[in-house]
Amino acid sequence: MMEKALDLEILSLEGLKTFSYLEELILDNNLLGNDLLLPRLPHLHTLTLNKNQITELESLLDHLAEVVPSLQYLSLLGNIACPNELVCKEKDEDDYQRYRYFVLHKLTNLKFLDTRKVTRREREEALIRGAFMKVVKPKDAKASSAAASASPESHYTPLPSGSRDLTNHRVSCRIIVWWHMQDLS
């Protein structure tokens, strides 16, 4: 019997080479990281690696281009390598779009990336600029964070200190109500 789809929670991918006809592989919610090595799976068209510990995008994409040549559907949501504003407050839609261009530059056969269909415009942009859309992190993260904290402008906000806490919604609502009442008087 040939298995065509697997949904696994695993720590090791060693046994996958016995499934050479695998078409769909779901590896969501595991502890897979940058050392992820898939065997050659020539029939694999769908791969989801959501919510793992992948931080290095380029090496992963180079590996996937080599071992899964038929890949058409890929999802990396919930990994640091996928700059999604829902997961990381410092990221925005522009960061995510640059990520998409870079992925499409590396994996030219993709039809879907994460939750969205690949558009013709994205494919064209990836051909022209995709190689330049790689997100580069500073070599010394401690030095760059120390420099950012030394600058008082980087932490300035016109909001009262209590409203800076994103978990404290009550304070934010009072500010809005107070401001609205000032407009009425």
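Worth saying up front: this structure is predicted, and the values here are computed from it rather than measured.

## Things to note about the packing of aromatic side chains
As enumerated under the stated definition, the model contains two aromatic pairs in all. Between Y73 and F112 the ring centres are 5.5 Å apart and the planes differ by 25°, which places this aromatic pair in the stacked class. Of this pair, Y73 sits in strand β4 (residues 73–75) while F112 sits in strand β5 (residues 112–113), and the two are 39 residues apart along the sequence. Taking relative accessible area as the criterion, F112 reaches 31% and is therefore assigned partly exposed.

## What to know about the nonpolar core
With 38 residues, the main nonpolar core has L47 and L74 as its most contacted residues. Looking at this core, the elements with two or more residues in it are α1 (57–67) and α2 (93–106). A total of six residues in this core trace back to one element, the largest contributor, which is α2. Beyond its immediate sequence surroundings of up to four residues, L47 is in contact with L25, L27, L38, L64, L71, Y73, L74 and S75.

## Comments concerning unusual backbone geometry
Positioned with a positive phi, K51 is a non-glycine residue whose angle comes to about 55°. Among the structural elements, K51 can be located in the loop between β3 (46–48) and α1. We note that D114 has phi near 60°; this positive angle belongs to a residue other than glycine. Among the structural elements, D114 can be located in the loop between β5 and β6 (116–117).

## With respect to α1
Quick reminder: α-helices carry 3.6 residues per turn. Residues three or four places apart thus point the same way. Taken as a whole, α1 has its buried residues at L57, L60, L61, H63, L64 and V67. Take α1 and look down its axis: the buried residues cluster within an arc of 160°, on one side only. Where α1 is buried, its residues meet β3, β4 and α2.

Calculation rules
- Each residue is numbered by its place in its chain's sequence as written, counting from 1.
- With pLDDT at 70 or above as the cut-off, local features in this predicted model cover only qualifying residues; side-chain atom pairs require 80 or more to be listed or tallied, and sums for whole chains, interfaces and linings still use all residues.
- Each side-chain value is derived from all of the structure's non-hydrogen atoms; neither hydrogens nor water enter the calculation.
- Aromatic pairs are defined between Phe, Tyr and Trp rings, using the six-membered ring for Trp, whenever the two ring centres lie within 6.5 Å; interplanar angles under 30 degrees are classed as stacked, those over 60 as edge-to-face, and all others as tilted.
- Each helix is a run of DSSP H or I of at least 4 residues and each strand a run of E of at least 2, with the numbering of both proceeding from the N terminus.
- Classification of residues uses two cut-offs on accessible area relative to the type maximum, computed with a 1.4 Å probe and protein chains only: under 20% is buried, over 50% is exposed, and between them is partly exposed.
- Only buried residues count toward a nonpolar core, which is a set of Ala, Val, Leu, Ile, Met, Phe, Trp, Tyr and Cys residues joined through side-chain atoms within 4.5 Å.
- Contacts: residue pairs with any heavy atoms within 4.5 Å of one another.
- Think of the arc as the fan of directions from the helix axis to the C-beta atoms.

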